[in-house]
Amino acid sequence: QVQLVESGGGLVQAGGSLRLSCAASGRTFSTYFLGWIRQAPGKERESVAAISWSGLNTYYADSVKGRFTISRDNAKNTMFLQMDTLKPEDTAIYYCASDVRNWYGLPDPVEYDTWGQGTQVTVTS
């Protein structure tokens, strides 16, 4: 089973950018469907982006479409989330997650079978 570790979170002003990384262990990384999920204080977890095993198919929540870009480098067992034009409402803990099944669209967060520990993103106004 793959293990996931996020990095790249931090404090940024509104309008700024951050790039999150998710490093994975395991030789079968390239076969996993991957996603980013966030949870803000007092709110439910929200799927924000996902990417197919090949990287050819990407999916985004309406709230981040046009601002966030998900990508993966299977040769380096790493996934990324480029976040631009950040807003205070993007403040949350961001988790990367994987699933052995393939999905067409954003799966519900409960569908992922492996999660990282999360990284905090705080956007100030």
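Residues numbered from 1 in each chain as written. Predicted model: local features only at pLDDT ≥ 70, side-chain atom pairs only at ≥ 80, totals over all residues. Heavy atoms only, no water.

1. Thoughts on the overall build of the protein
How we decide: The secondary structure listing takes helices from DSSP runs of H or I that are at least 4 residues long and strands from runs of E that are at least 2 residues long, numbered from the N terminus. The globule rule used for comparison is 2.2 Å times the number of residues to the exponent 0.38, while the radius of gyration itself is calculated over C-alpha atoms. Type-normalised accessible area, obtained with a 1.4 Å probe on protein chains alone, sets the label of each residue: buried when under 20%, exposed when over 50%, and partly exposed for intermediate values. Note on contacts: a residue pair is in contact if any heavy atoms of the two residues lie within 4.5 Å.
Along its length, the protein carries zero helices and 11 strands. What you see in the protein, going N to C, is helices and strands ordered as β-β-β-β-β-β-β-β-β-β-β. The C-alpha atoms of the protein give a radius of gyration of 13 Å, which matches the 14 Å a tight globule of 125 residues would have. Based on the C-alpha atoms only, the size of the protein along its principal axes is roughly 40 × 25 × 25 Å. Here the protein holds 125 residues, and 47% of them are scored as buried. Restricting the contact set of the protein to residue pairs at least 6 apart, pairs at least 24 apart contribute 61%.

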